[in-house]
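The lines below spell out each chain.
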Amino acid sequence: MKISINRLKKYIHFDHEPDEIGAMLTQSGLEVEGLETFESIPGGLEGIVIGEVLTCEKHPNADKLSLTTVDIGQDNPSPIVCGAPNVAKGQKVLVATVGATLYPTEGDSFQIKKAKIRGEVSEGMICAEDELGLGQSHDGILVLTTDLPNGTPASELIEVVKDHILEIGLTPNRADAASHLGVARDLKALLRKELCLDTVPELTLEAPAQSIEVEVENAEDCPRYAGVVITDLKVGPSPAWLQNFLRSLDLEPINNVVDITNFILHDLGQPLHAFDADHITDRKIIVGKMQKGSKFVTLDEKERVLSGEELMIKDPKGGLCIAGIFGGQHSGVTEETHTIFLESAYFSPDIIRKGAQHHGLKTDASFRFERGTDPNMPVYALKQAVKLLQEIAGGKVASEIVDSYPEPVKDFEVDVEYGHINRLIGKKIEAVEVKRILESLDIQVQNETETGFKAIVKPYRVDVIREADIIEEILRIHGFEQVLLSENLNTDYLAEHPVKDFDKLQFRTSELLAAQGFSEIITNSLTKPGYALKSGFLSPDRNVEIYNKLSEDLGVMRQTLLFSGLEVLAHNINRRQTNLRFFEFGTVYSKTEEGYSEGSRLALFLSGNRKEESWLEPSRKFEFSDIYAAVKRVLFKLSIDPSDVKVVEKAPFAYGLTLKLGQKELGSLGLVESSLLKLAEVRQEVWFAELDWKLLCKKANGLKNYAEISKFPEVRRDLSLVIDKEVSYESIESLAQKAGGKLLKRIGVFDVYQGEKIPEGKKAYALSFHLQDQENTLTDKVIDKTMSKLIQAFEKETGALIRT
């Protein structure tokens with residue numbers, strides 16, 4: 001869901017930066033997944049200035065080109081070759097200066113460079129309307145009528161609307177926040193400011209009465225249904241402010257009537273529907289069901305067979321609309337529409353959800369209705385829409401508001417105890433603060449006593465119906481970060497949920513590794529005390545000693561699986577088996593201040609050549625990428641992504657990585673130091689990884705088995721990045737996954753370059769990005785937008801230079 005910062009400021013006055021607002025909302029439970037900048041004119045006309053054509057002559061080497069000199073406010077006029085037929089001396093024009101990037105109405109963006117055109121120097125470009133993204137016209141250059149001095153930025157002549165757009169990953173329980181008003185309500189509580197709601201006057205008849213009768217057959221399916229007739233409409237394009245608002249939310253403007261209904265939906269969260277009143281038979285609207293098997297053609301011109309369970313808006317002749325989901329083919333607004341019946345309703349979430357699922361339809365309206373809208377909003381939203389229709393479309397009110405609302409939806413009443421608040425939050429919050437937070441969220445506090453109170457919750461908060469819900473509201477506004485963790489953590493349950501089968505996880509992981517050519521080994525838990533003494537990374541003081549030792553070589557319990565595994569490697573290498581892949585699940589032991597501790601580990605070993613010698617291809621030794629790939633396969637199998645990967649330079653590795661899951665160390669991998677190999681008498685390189693198996697199992701999100709193959713094609717795009725040597729591929733990959741979102745399926749590296757052709761201290765990655773949508777075929781617009789996000793993220797976060 002996209003939210004405009006500019007629109008939020010109409011409800012709440014604030015000076016905070018957009019990223020600060022995003023952080024506040026995320027902390028309060030409305031997770032902001034992205035922040036992007038919207039400009040009504042792509043590029044914001046940056047680098048475009050007002051110029052004056054001083055001279056205009058025919059190009060000596062081209063019949064259709066002209067040589068001009070243009071005053072753009074600099075010391076010397078700029079020579080520009082122009083191909084427009086209407087260019088002439090004395091004109092005021094818009095000039096794209098050298099270095100400016102143009103975003104044409106159609107086609108890809110391009111940068112203006114100093115060039116020679118048919119032998120003549122050209123330092124800029126005199127622009128047509130479509131070349132600046134201002135419209136469709138390409139008949140000639142844009143000729144201005146202005147007194148602004150030459151060199152003035154074009155943005156001072158042509159307004160460029162700039163906005164910041166928050167993308168919120170709305171959870172199913174927060175139906176109340178599916179609008180700008182809903183998000184503003186949370187900001188009101190977070191910023192401790194007042195909410196500015198527009199007041200709308202009562203409607204008065206402005207035209208001869210054209211009332212439409214409304215009959216609701218079942219008030220359980222439609223508790224509230226309101227509507228009004230508006231006439232004398234002039235259907236046409238919306239004003240710029242409304243079109244810009246919709247485009248900032250990735251919505252295409254259609255016409256002023258439809259655009260107003262979309263505006264109200266995203267602004268107030270109340271879906272509206274406009275019916276062409278001339279197509280309503282007998283001037284009567286019926287809200288009810290139709291016979292099973294009836295056929296109905298929707299706005300997308302598809303014929304749908306009704307189940308008999310979906311709610312319909314109909315007239316005596318037949319269906320007009322699938323209520324709350326999709327309009328009918330002949331009831332919508334067209335350029336010929338003169339009079340409309342504007343509907344604003346509250347439908348039962350259950351009936352809308354069933355209808356949407358049956359027909360496989362997901363619309364902005366059904367998204368809100370099936371989660372639960374505000375039953376107190378329909379008439380207010382209707383009046384707001386009428387006000388806009390009067391201002392924008394010249395509409396006149398031709399009826400009283402019909403409002404069928406036989407049984408008003410009551411507020412929720414929830415009994416709350418202060419003791420339960422403090423127990424569940426883990427911190428005492430004063431009663432005064434509790435009351436302030438709840439009232440800032442429009443939750444009234446009544447019948448206060450020393451031990452508790454009654455909370456009165458508006459019905460638009462469909463997720464706040466229990467005491468625990470009230471406590472959650474208090475905590476998210478008070479701030480999760482305000483609750484400090486105690487030294488002794490405890491929980492109200494004893495068993496893990498869901499229960500995980502560790503044996504199954506180990507068996508499936510073993511299958512995976514065996515399929516990759518690994519052999520399982522099982523080694524002795526007893527080992528030499530000298531390993532810890534000479535290793536340099538194990539502490540001899542932490543050795544668990546055996547009192548009745550069988551021998552000195554089996555005198556202590558192992559602290560790591562490394563040395564017992566190296567002994568197995570040495571045994572095989574000494575018998576001419578040099579190309580080895582081993583894995584082991586085992587237990588490690590150590591002495592602590594409190595006593596003794598045990599840990600489960602998964603160890604991986606690679607040594608020798610990756611492939612046996614062959615006449616087809618030369619052999620290749622194991623490399624870091626091989627051990628790293630093996631670890632990643634294990635993590636992927638268990639549905640785990642390492643959240644924090646950092647390079648370390650410490651034993652047992654000549655070089656390697658430490659992996660972390662959150663704040664806990666998951667394990668490490670890399671090339672074993674030669675000094676450690678000598679302790680076990682291993683005479684060839686060994687790549688080793690040791691992972692905390694218990695932590696892996698605890699964090700596992702289930703086993704990866706299979707997934708349905710997408711029906712829609714995959715798209716590949718390539719980028720070449722020049723970055724600092726210190727920037728790791730892992731950081732590039734992590735950044736790309738965040739910026740690319742769900743569409744980015746995988747990333748590949750097909751070239752890495754360091755050399756004379758790029759600056760010192762830099763390296764170049766050639767990356768492939770594979771995009772795919774599971775539900776739709778990707779369009780050029782979506783692909784370009786995703787790649788633009790990736791480029792911006794790379795440039796901003798890593799200082800990357802994108803090579804073209």
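Check the entry above for the structure.
Residues numbered from 1 in each chain as written. Predicted model: local features only at pLDDT ≥ 70, side-chain atom pairs only at ≥ 80, totals over all residues. Heavy atoms only, no water.

### Considerations on the overall build of the protein
Within the protein one finds 19 helices and 42 strands. Considering only C-alpha atoms, the protein reaches an extent of 110 × 90 × 55 Å along its principal axes. Expressed as a percentage of the 804 residues in the protein, the buried residues total 48%. For the protein, the share of sequence-separated contacts (at least 6 apart) that also reach a separation of at least 24 residues comes to 71%. A total of about 42,300 Å² of accessible surface is found on the protein, and carbon and sulfur atoms cover 48% of it. (Helix = DSSP H or I, 4+ residues; strand = E, 2+ residues; numbered from the N terminus. Buried < 20%, exposed > 50% of the residue type's maximum accessible area, 1.4 Å probe, protein only. Contact = heavy atoms within 4.5 Å. Areas by Shrake-Rupley, 256 points an atom, 1.4 Å probe, with all protein chains shown as cover.)

### Notes on the environment of Glu681
With respect to the secondary-structure elements, Glu681 resides in the loop between helix H16 (674-679) and strand S38 (686-692). Among the residues examined, Glu681 registers a relative accessible area of 53% and is labelled exposed. As for Glu681 and Lys289, which are separated by 392 residues in sequence, their C-alpha atoms are 83 Å apart.

### Section: the pattern of salt bridges
Scanning the model with the defined rule gives 47 salt bridges in all. Note that Lys383 is salt-bridged to Glu202, the shortest N-O span being 2.8 Å. With Lys383 in helix H8 (residues 378-393) and Glu202 in the loop between helix H3 (180-191) and strand S14 (213-216), the pair connects residues that are 181 residues apart, well separated along the chain. Residue class for Glu202 comes out exposed when judged on its relative accessible area of 61%. Two residues, Lys284 and Glu215, come together in a salt bridge whose shortest N-O distance is 2.9 Å. Note that Lys284 is positioned in strand S17 (residues 284-288) and Glu215 in strand S14, a separation of 69 residues in sequence. Accessibility expressed as a relative area gives 31% for Glu215, which makes it partly exposed. (Salt bridge = Lys/Arg side-chain N within 4 Å of Asp/Glu carboxyl O.)

### Things to note about the pairing of S17
Across a regular strand the side chains alternate sides, sitting on one face of the sheet and then on the other. Counting buried residues in S17 gives five out of five residues, a clear majority hidden from the surface. Taking every second residue as pointing to the same face, both faces of S17 are buried, with Lys284, Ile286 and Gly288 on one and Ile285 and Val287 on the other. Across four bridges, the pairing between S14 and S17 is parallel. Bridged to Val214 within S17 is Ile285. Bridging between S17 and strand S20 (residues 312-315) involves three bridges; their strand directions are antiparallel. Opposite Val287, over in S20, you have Ile313 as the bridge partner. (Pairing = 2+ DSSP bridges.)

### Things to note about a positive patch on the surface
Positive charge collects at one region of the surface, where Lys664, Lys694, Lys698 and Lys699 lie side by side. Here the positive patch takes three residues from helix H17 (residues 693-699), the largest share from any one element. Here Lys699 is to be found in helix H17. (Patch = residues over 30% accessible without salt bridge, like charges linked within 9 Å, V, L, I, M, F, W, Y side chains within 5 Å. Lys, Arg positive; Asp, Glu negative; His and termini not counted. Charge placed at Lys NZ, Arg CZ, Asp CG, Glu CD.)

### With respect to the nonpolar core
Leu25, Ile264, Ile340, Leu342 and Leu389 are the most contacted members of the largest nonpolar core, which has 50 residues in total. Counting residues per element, this core draws most heavily on H8, at eight residues. Setting aside residues no more than four positions away along its own chain, Leu342 makes contact with Ala226, Gly227, Val228, Thr261, Leu272, His273, Ala274, Leu382, Ala385 and Leu389. (Core = buried A, V, L, I, M, F, W, Y, C linked by side-chain atoms within 4.5 Å.)

### As for H3
Here H3 contains twelve residues, and its C-alpha end-to-end distance of 16 Å stays within 8% of the 16 Å for a straight helix at 1.5 Å per residue. Judged by how many residues are buried, H3 sits mostly within the fold: eleven of twelve residues are covered. For H3, the complete set of buried residues consists of His180, Leu181, Gly182, Val183, Ala184, Arg185, Asp186, Leu187, Lys188, Ala189 and Leu191. In the stretch just after H3, Arg192 is the one whose phi turns positive, near 60°. (Expected span 1.5 Å × (residues − 1).)

### Quick notes on the packing of aromatic side chains
The geometry of an aromatic ring pair is captured by the separation of the ring centres together with the interplanar angle, meaning the angle of the planes. Within the structure shown, the criterion is met by twelve aromatic pairs. Both rings, one in Trp241 and one in Phe263, keep their centres 5.6 Å apart while their planes meet at 90°; by these two values the pair is edge-to-face. Of the two residues, Trp241 sits in helix H4 (residues 240-248) while Phe263 sits in helix H5 (residues 256-268), which places them 22 residues apart along the sequence. Ring geometry for Phe769 versus Phe794: centroids 6.0 Å apart, planes at 40°, classification tilted. (Phe/Tyr/Trp six-rings, centres within 6.5 Å; stacked < 30°, edge-to-face > 60°.)

### Comments concerning the sheet that holds strand S31 (residues 544-545)
If you walk across this open sheet you meet the three strands as S30-S32-S31, and the pairing is antiparallel. With one partner strand each, in any of the chains shown, strand S30 (526-527) and S31 form the two edges of the open sheet. Pairing of S31 with strand S32 (residues 556-557) involves two bridges; the strand directions are antiparallel. Following the sheet pairing, Val544 is matched in S32 by Met557.

### Examining the side chain of Asp626
Following the sequence through the fold, Asp626 ends up in helix H15 (residues 624-637). By relative accessible area, which is 11% here, Asp626 ends up buried. Among the polar contacts made by the side chain of Asp626, one reaches the side chain of Arg610 at a distance of 3.0 Å. Side-chain polar atoms of Asp626 contact the side chain of Arg620, separated by 3.4 Å. If sequence neighbours within four positions are ignored, Asp626 has contacts with Leu606, Arg610, Arg620 and Lys621. (Polar contact = N/O pair within 3.5 Å; in protein donor to acceptor, adjacent residues only side chain to side chain.)

### Structural notes on the side chain of Glu690
Note that Glu690 resides in strand S38. Despite its burial, Glu690 remains without a salt bridge, the nearest opposite charge being carried by Arg601 at 4.7 Å. Only 3.0 Å separates the side chain of Glu690 from the side chain of Thr560, close enough to count as a polar contact. A polar side-chain atom of Glu690 sits 2.7 Å from the main-chain amide nitrogen of Leu561. The contact partners of Glu690, leaving out residues within four places of it in the chain, are Thr560, Leu561, Leu562, Val588, Arg601, Leu602, Ala603, Leu666, Gly667 and Ser668.

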